[in-house]
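# Survey of secondary and tertiary structure
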Amino acid sequence: MTPQTTIELRSGNAMPVLGLGTWQLTDHTAETIAKALELGYPMIDTSGDYGTQPGIGEGIERSGMARDAFFLVTKVEETDDAYQAVKDNLDQLKLDYADLMLIHRPPPQGPGTELWEGLMRARDEGLTRDIGVSNYSAGQIDALIEATQETPAVNQIEWSPFGHSDAMLRHAKAHRMVIQAYSPLTREKRLDDAVLKRVADSHGKTPAQVLIRWNLQLGTVPLPKANQEKHLHEDLDVFDFSLSDDEMNTLSQLNEHYSSLGRLPYI
Ligand SMILES: NC(=O)c1ccc[n+]([C@@H]2O[C@H](COP(=O)([O-])OP(=O)(O)OC[C@H]3O[C@@H](n4cnc5c(N)ncnc54)[C@H](OP(=O)(O)O)[C@@H]3O)[C@@H](O)[C@H]2O)c1
């Protein structure tokens, strides 16, 4: 595996195995994005409500990166007119298309059929290559598929050794959906866990790098966020070591359905 390794989406399109998160990437967004692309981050994750899209657009421009050299994920909000929100997001990003557009969270009532149809229209018109969801439970995904016959390419959910679900992973695999792991570093809250530290020390790596690597080997796609340049380097430097099966199991057993944001939306 390298930063250029990709995973195949159900559409047949290729998605990178790791991306940079940008929620609360508030300082110097354009510089950070240009730097991240230069370092080799192959994917950027954002959303209409992060406030980072204009800075990301500027960072992409500054980097001079060809459009097909990076993968851009963004999201529409549950209160949006989804089709219009796709266009607004692209305007802010100064891009002609996104690689992946997600419904940020399910609306309070129903699985979000209307939002989903707006994204399907945007995809059919070439405004995004693939469409998916975020913060959906297996039941909500099943209801969406039943209503529209269209399966999401991706479900983006909070996911780490401390909070994950075998049932959710099996459900995703059965539908050929990819899980993107948000808050993969537990927003720093569990980095000093003793088991995690022991595994990290034995590889000469940091706890954050082990959390990212655990996702890569599980086949889930981590989106670590980093403002600091030191962290940007560190989070990409995860392709020169592997966790053994025993270490993967030990880390997975740390599961306590932990959420750094309060609640795992899929449990
Ligand atoms: N779909 C959704 O509802 C949803 C929800 C939450 C997040 N997300 C996405 O997922 C991304 C990541 O999640 P997140 O931002 O919540 O949390 P995260 O990536 O788990 O943690 C980010 C924190 O970890 C620190 N950090 C980064 N690299 C580190 C390293 N190598 N060692 C120690 N600390 C390190 C960062 O510090 P510095 O910034 O100071 O470098 C920051 O404080 C978001 O940015 C967003 O794109 C999506």
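Residues numbered from 1 in each chain as written. Predicted model: local features only at pLDDT ≥ 70, side-chain atom pairs only at ≥ 80, totals over all residues. Heavy atoms only, no water.

As named in an unreviewed UniProt entry, the protein is Oxidoreductase, taken from Nitratireductor thuwali. UniProt, in the comment section headed Sequence similarities (unreviewed entry), describes the protein in these words: "Belongs to the aldo/keto reductase family." (UniProt positions renumbered as here; feature names shortened; annotations may be inferred.)

## A closer look at the overall build of the protein
Secondary structure assignment for the protein yields 10 helices and 10 strands. What you see for the protein is a C-alpha radius of gyration of 18 Å, in line with the 18 Å of a compact globule of 267 residues. Principal-axis analysis of the C-alpha atoms gives the protein an extent of 50 × 40 × 30 Å. Carbon together with sulfur atoms contributes 45% to the accessible area of the protein, which is approximately 11400 Å² in total. The distance from the centre of the 24 positive side-chain charges to the centre of the 40 negative ones in the protein is 2 Å. (Helix = DSSP H or I, 4+ residues; strand = E, 2+ residues; numbered from the N terminus. Rg over C-alpha atoms; globule rule 2.2 N^0.38 Å. Areas by Shrake-Rupley, 256 points an atom, 1.4 Å probe, with all protein chains shown as cover. Lys, Arg positive; Asp, Glu negative; His and termini not counted. Charge placed at Lys NZ, Arg CZ, Asp CG, Glu CD.)

## Re helix α2 (residues 53-63)
The set of residues buried in α2 consists of Q53, G55, I56, G57, G59 and I60. Looking at the buried residues of α2, the elements they touch are α1 (29-39), β4 (43-45), β5 (71-76) and α3 (82-93). Immediately downstream of α2, the backbone of G64 shows phi near 70 degrees, a positive value. (Buried < 20%, exposed > 50% of the residue type's maximum accessible area, 1.4 Å probe, protein only. Contact = heavy atoms within 4.5 Å.)

## Observations concerning the sheet that holds strand β10 (residues 221-222)
Spatial ordering of the open sheet is given by β3-β4-β5-β6-β7-β8-β9-β10, a layout of 8 strands whose pairing is parallel. On the outer flanks of this sheet lie β3 (20-21) and β10, each paired with one strand and no other. Together, β5 and β6 (98-103) form the strand contacts of α3, whose direction differs from that of β5 by roughly 135 degrees. (Pairing = 2+ DSSP bridges. Axes fitted to C-alpha atoms, helices over the stretch in contact; angles between N-to-C directions.)

## Thoughts on the packing of α2 against α3
Two elements in contact, α2 and α3, have axes separated by 7 Å at closest approach and are oriented at 50 degrees. Our classification of the angle between α2 and α3 gives oblique. Residues Q53, P54, I56 and G57 of α2 form the contact with α3, whose own contacting residues are N89, Q92 and L93. Considered class by class, the residues forming the contact of α2 with α3 number 3 nonpolar, 4 polar and no charged. (Parallel < 35°, antiparallel > 145°, perpendicular 65-115°, else oblique. Nonpolar A, V, L, I, M, F, W, Y, C, P; charged D, E, K, R; others polar.)

## Looking at the site of the ligand
Of all residues adjacent to the ligand, which total 29 residues, the nearest are D45, R187, E188, H231 and D235. Backbone polar atom of T186 to an oxygen atom of the ligand: 3.3 Å apart, as the coordinates give it. Between an oxygen atom of the ligand and a side-chain N or O atom of K225, the distance comes to 2.8 Å. Protein coverage of the free-state accessible area of the ligand, which is 910 Å², stands at 91%. In terms of residue count, helix α9 (residues 229-236) provides more of the shell around the ligand than any other element does, 3 residues in total. Partitioning the shell around the ligand into residue classes produces 11 nonpolar, 11 polar and 7 charged. (Near = heavy atom within 4 Å. Polar contact = N/O pair within 3.5 Å; in protein donor to acceptor, adjacent residues only side chain to side chain.)

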